[in-house]
Amino acid sequence: MLLIITYTRSARSSLRNVRRSHEDTVVRWFGRSALFEATELGAFHGLRLREKHPEAVQIERTRPFNEYMEVPERVRKAVWAYAEREHTSTPYAAFAAGTEHPDVATMARRKL
Amino acid sequence: MRIERNGSVWCGRVIELSGVTPRFDGEQVLDAINGTSDELRVVCEKPGDLHAHVGRLRPGMTLRRSAALAAAARSRGWSAPQDEEYEKIQGRIEELSIPDTDTAAARKRLAETTDEIERQRERVARLQGKVKALREHPERQTSEPYRALERAMQKLSELETEHAAAEQTLERARERQRQRHDRHDERLALEDRAANLARAARKHLCDRLHGEFTRTIESLPGPDDDPVTVALTITRLGEIRAPVVLECDRFDNAQTAADWLNAPVVSL
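Residues numbered from 1 in each chain as written. Chains lettered and ligands numbered in written order. Predicted model: local features only at pLDDT ≥ 70, side-chain atom pairs only at ≥ 80, totals over all residues. Heavy atoms only, no water.

The name given to chain B in an unreviewed UniProt entry is J domain-containing protein, with Halocatena pleomorpha as the source organism.

As structure tokens, this is what we get:
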């Protein structure tokens, strides 16, 4: 899908107008950003917004996220283990220390 | 005030133009009061914020009621408790400088080199096929396909270098854009706060004038929800020094209107 983010009041209200008059194109709506259908029409509306507010509209393309394909098993295992931790107040950094689970800095460094 | 048209001059706090030919146009008189008319000259006090709401009173007019009422309160010199905070936020919004970044050129260059590389790869593959075929027939005495392949591969490598450079340029542009979006976010949050404060200030001022407004509107003939009735009331409640263009027949004459409104009047 196309993620449309607006950064000024006027761009935000233009986005609101698109949402009002083109419900079919707008898949999801989050106030000043929205997901448009990844169709030519979705792109048309997104580009129209950016044409009108060149500096205040960001368009990104999203894609489905499959953790089994994109995320290494060690990260998924860490998530599962952390969810099962004994004390809910333990921060992840403390939880991971001295275990086989990846530490925060390492995960931050590694790109998907 | 003083109105001049084609050598004719009208002067006074109250000017009656209803019998004059050719007729005056209300819109044009209002423009002249605002100093934006070429044909007509009106010398008068500079119109303020309240005048922008009630400068021309005529049937069918539109009125933003609470904004106008708040402007009337302001014209009396009233202020709202939110004003100070509002000014502070406006100052911060003005100080926020947002650098220009445009990634369109970088995006376009990247797309173009991607296409060119694709075409060039196909060309190289084609030439490789030719060269291979030629090797199978050593009796043909030509080196042209070898040279063409060499040139094509050279060109491909140049394109790939250019593509990598375009990618880097876009990456840097994206980084700058991210910083700019942070600034935009900051400004948007400030603007939303300012808008909330302005709304609260308007409400405060309207509430403060409400009692007086109700008493005044009751003293006027005509329905309470009519924009002209409301606008006349708001004009009376405020302090207005620039002339009001009157195009309704709620008063016996222009003088009575001016007395009731407590404002200079041009009656059409």
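Still more ground to cover, so stick around.
### A short note on the overall build of chain A
Note the cut-off: Strands here mean DSSP runs of E at least two residues long; helices mean DSSP runs of H or I at least four residues long; both are numbered from the N terminus. For each residue, the accessible area found with a 1.4 Å probe, counting protein chains only, is set against the maximum for its type, and the residue is called buried under 20%, exposed over 50%, and partly exposed in between.
From N to C terminus, chain A includes six helices and four strands. Walking chain A from its N terminus toward its C terminus, one meets helices and strands in the order β-α-β-β-α-β-α-α-α-α. Summarising its shape, the C-alpha atoms of chain A cover approximately 55 × 30 × 25 Å along the three principal directions. Within the span of chain A, comprising 112 residues, buried residues form 31% of the whole.

### Description of the nonpolar core
Residue and element names in this part refer to chain B. Put simply, the rule reads: We define a nonpolar core as any set of buried Ala, Val, Leu, Ile, Met, Phe, Trp, Tyr and Cys residues linked to one another through side-chain atoms lying within 4.5 Å. Any two residues having at least one pair of non-hydrogen atoms within 4.5 Å are treated as being in contact.
Counting residues in hydrophobic clusters, the biggest one holds 37 residues, and the most contacted among them are Leu 57, Leu 232, Ile 234, Leu 246 and Leu 261. Elements supplying a minimum of two residues to this core: α2 (49-54), α3 (65-75), α6 (144-218), α7 (227-237), β6 (244-246) and α8 (254-261). Not counting chain neighbours up to four residues away, the residues in contact with Leu 261 comprise Leu 57, Leu 232, Thr 235, Arg 236 and Leu 246.

### A few points about the UniProt feature "coiled-coil region" (unreviewed entry) in chain B
For clarity, the threshold we go by: UniProt positions are given in the numbering used here, feature names are shortened, and annotations may be inferred rather than shown by experiment.
Those places that UniProt annotates as "coiled-coil region" (unreviewed entry) correspond, in this numbering, to residues 103-187 of chain B. Along residues 103-187 of chain B one finds 89% helix and 0% strand; the C-alpha atoms at either end are 21 Å apart.

### Description of the sheet that holds strand β1 (residues 2-6) of chain A
Residues and elements named next belong to chain A. The following threshold applies: Note: two strands are recorded as paired if DSSP finds a minimum of 2 bridges between them. Inter-axis angles, ranging from 0 to 180 degrees, are taken between N-to-C directions of lines fitted to C-alpha atoms, where helices are fitted over the stretch in contact.
Taken together, four strands build an open sheet; the order of strands is β2-β3-β1-β4 and the sheet is antiparallel. Strands with a single pairing partner mark the edges of an open sheet, and in this sheet they are β2 (26-29) and β4 (57-61). For this sheet, the mean angle separating the axes of adjacent strands, direction not counted, is 20°. Bridging between β2 and strand β3 (residues 33-36) involves three bridges; their strand directions are antiparallel. Note that in β3 the partner of Val 26 across the bridge is Phe 36.

### Comments concerning the packing of helix α1 (residues 9-21) of chain A against helix α2 (residues 40-52) of chain A
Residue and element names in this part refer to chain A. Filter applied, for reference: Comment on the angle field: the value is read as roughly parallel under 35 degrees, roughly antiparallel over 145, roughly perpendicular from 65 to 115, and oblique elsewhere. A crossing counts as left-handed when the near helix is turned anticlockwise from the far one by less than a right angle, and as right-handed when that turn is clockwise. Under the grouping applied here, Gly and all other residues not named as nonpolar or charged are polar, the nonpolar ones being Ala, Val, Leu, Ile, Met, Phe, Trp, Tyr, Cys and Pro and the charged ones Asp, Glu, Lys and Arg.
Where α1 contacts α2, the two axes come as close as 10 Å, and the packing angle between them is 155°. In terms of orientation, α1 and α2 fall into the roughly antiparallel class. Relative to α2, α1 is oriented so that their crossing is right-handed. Within the contact between the two elements, α1 uses Ser 14, Leu 15 and Val 18 and α2 uses His 45, Leu 49 and Lys 52. Of the residues contributing to the contact of α1 with α2, the split by class is three nonpolar, two polar and one charged.

### Quick look at the sheet that holds strand β7 (residues 265-267) of chain B
All names here are of chain B. Sheet architecture is open: four strands sit in the order β3-β7-β6-β5, paired in parallel fashion. On the outer flanks of this sheet lie β3 (14-16) and β5 (56-57), each paired with one strand and no other. Strand direction decides the pairing type here: β3 and β7, joined by three bridges, are parallel. Bridge pairing links Glu 16 to Ser 267 in β7.

### Re the interface of chain B and chain A
Cut-off, in case you're wondering: Two parts placed together each lose some accessible area under a 1.4 Å probe, and adding up what both lose gives the buried area. The working definition used for a salt bridge is a side-chain nitrogen of Lys or Arg within 4 Å of a carboxyl oxygen of Asp or Glu.
Taken together, the contacts link 14 residues of chain B with 10 residues of chain A. Carbon and sulfur atoms make up 42% of the surface buried where chain B meets chain A, a total of about 1100 Å² over both sides. Counting the surface chain B buries against chain A, the share from its top three residues, His 181, His 184 and Leu 188 of chain B, is 42%. At the junction of chain B with chain A, the criterion picks out four salt bridges. Among the ionic pairs, Glu 55 of chain A bridges to Arg 180 of chain B, the shortest N-O distance being 3.0 Å. With 10 residues, the top contributor of residues to the side of chain B that touches chain A is α6 of chain B. Per-class residue counts for the side of chain B that touches chain A are three nonpolar, three polar and eight charged.

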